[in-house]
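Listed here are the chains, written in short residue letters.
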Amino acid sequence: MELIFQFLCGLLYLVGLPFGWSYQETSIYVCIYLWPMLCTLSTIPILWISVKRRKWILSVVSLLYTSVYVYFTIDVINHYPISNPASFMNCMTDLKSLAAYCGVTYAEINLLIYVVAFILILLFNFSVYMIIQKKYANNNLKSGGTL
């Protein structure tokens, strides 16, 4: 687990090099800004297909689902602003506290949140999108409609 964590830390360092970012800045940009934004963006196709298919209840649920992601993304970004030099250390302290609470190491909690949870969220949102798309495409074909 530690080896994977160190490898990913090295990747973060390499990602920041072309931009002149330190490891800490890159961690904030990628883990605190980019990851939540990508998770939020992954809900947009669900909302789009719900509205496009004029499934109003599903559209409202999708809008609420996307709104939750937007709220948490903004909350995380506000909690760890890049303008605050202590944001990286604050995030690290919070992760260490969470790791201790969960009975895992700092490296494990990082991997669980920033790799496993991230991938699961994207897969879940993609799966929901595909299910909705297939369900309403099949219903439309059965009723003689066009796609």
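Structural data are supplied above this passage.
Enquirer: Could you clarify how one ought to interpret the overall build of the protein chain in this entry?
Expert: When helices and strands are counted, the protein chain shows 6 helices and 0 strands. Listing every helix and strand of the protein chain by position from the N terminus yields α-α-α-α-α-α. Its C-alpha radius of gyration of 19 Å places the protein chain more than 25% over the 15 Å reference for a compact globule of 147 residues. Evaluated residue by residue, the protein chain yields a buried proportion of 30% over its 147 residues.

Enquirer: What's the story with helix H2 (residues 23-41) in this structure? I'm lost.
Expert: Each full turn of the α-helix corresponds to 3.6 residues, which orients residues three or four apart in the same direction. With 19 residues, H2 should reach 27 Å at 1.5 Å per residue; the first-to-last C-alpha distance of 25 Å fits that figure. Of all the bends found along H2, the most pronounced is centred on leucine 34 and spans about 35°, while proline 36, a proline, follows it within four residues. Along H2, the residues classified as buried are Thr26, Ser27, Ile28, Val30, Cys31, Ile32, Tyr33, Pro36, Cys39 and Thr40.

Enquirer: How should I be thinking about the nonpolar core in this particular structure?
Expert: Here is a general trend for soluble globular proteins: nonpolar side chains tend to be buried in one another's company. In this structure, Ile28, Cys31, Ile32, Tyr33, Cys91, Leu95 and Tyr114 are the most contacted members of the largest nonpolar core, which totals 15 residues. What isoleucine 32 contacts, discounting residues up to four positions off in sequence, is Ser27, Val76, Ile77, Tyr80, Cys91 and Tyr114.

Enquirer: Could you clarify how one ought to interpret a nonpolar patch on the surface in this entry?
Expert: Side chains of Phe7, Leu11, Tyr13, Leu14 and Leu17 sit close together on the surface and give an oily, nonpolar patch of about 510 Å² of accessible area. Topologically, tyrosine 13 is positioned in helix H1 (residues 2-16). With relative accessibility at 44%, the residue tyrosine 13 sits in the partly exposed group.

Enquirer: Explanation requested: the layout of surface pockets in the structure shown.
Expert: The volume enclosed by the largest pocket comes to roughly 440 Å³. The wall of the largest pocket is formed by 19 residues, among which Cys31, Pro36, Val76, Ile113 and Tyr114 lie closest to the centre. Only H2, helix H4 (56-79), helix H5 (87-102) and helix H6 (106-142) provide two or more residues apiece to the lining of the largest pocket. Grouping the constituent residues of the lining of the largest pocket by class yields 17 nonpolar, 1 polar and 1 charged. Roughly 380 Å³ of volume is contained in the second largest pocket. Considering the residues around the second largest pocket, the lining is formed by 23 residues, among which Leu8, Leu12, Cys31, Asn110 and Tyr114 are closest to the centre. Mapped by element, the contributors of at least two residues to the lining of the second largest pocket are H1, H2, H5 and H6. The leading source of residues in the lining of the second largest pocket is H2, at 7 residues.

About the criteria used
Along each chain, the written sequence defines residue order, and numbers are assigned to residues from 1. This being a predicted model, a pLDDT of at least 70 is required before a residue's local features are given, and a value of 80 or more before pairs of side-chain atoms are given or counted; all residues contribute to the totals for chains, interfaces and linings. Just so you know, side-chain values use all the structure's heavy atoms and leave hydrogens and water out. Numbering of helices and strands runs from the N terminus; a helix is a DSSP stretch of H or I covering at least four residues, while a strand is a stretch of E covering at least two. A radius of gyration in this sense is built from C-alpha atoms; the matching globule rule multiplies 2.2 Å by the number of residues raised to 0.38. Each residue is placed in one exposure class: buried if its accessible area under a 1.4 Å probe, protein chains only, is under 20% of its type's maximum, exposed if it is over 50%, and partly exposed if it falls in between. The span one expects for a helix is its residue count, reduced by one, times 1.5 Å. The angle between axes fitted to the seven-residue stretch ending at a residue and the seven-residue stretch beginning at it gives the bend at that residue. Among the buried residues, those of types Ala, Val, Leu, Ile, Met, Phe, Trp, Tyr and Cys that are joined through side-chain atoms within 4.5 Å form a nonpolar core. Two residues form a contact once any of their heavy atoms are found within 4.5 Å. For patch detection, residues must exceed 30% relative accessible area and be free of salt bridges, and they are connected within 9 Å for like charges or within 5 Å for nonpolar side chains (Val, Leu, Ile, Met, Phe, Trp, Tyr). Only the protein chains shown count as cover for residues, and all accessible areas are computed by the Shrake-Rupley method using a 1.4 Å probe. Note on definitions: salt bridges are taken to be side-chain nitrogens of Lys or Arg within 4 Å of carboxyl oxygens of Asp or Glu. Both cavities and pockets are sets of points on a 1 Å grid over the protein atoms alone; in a cavity a 1.4 Å probe fits but cannot get out, in a pocket the set is open with protein on both sides within 12 Å along at least five of seven lines, and lining residues sit with an atom within 4 Å of a point. Grid points are joined across faces, edges and corners, and a volume is the space filled by probe spheres set on the points. Residues were grouped as follows: Ala, Val, Leu, Ile, Met, Phe, Trp, Tyr, Cys and Pro as nonpolar; Asp, Glu, Lys and Arg as charged; and all remaining residues, including Gly, as polar.

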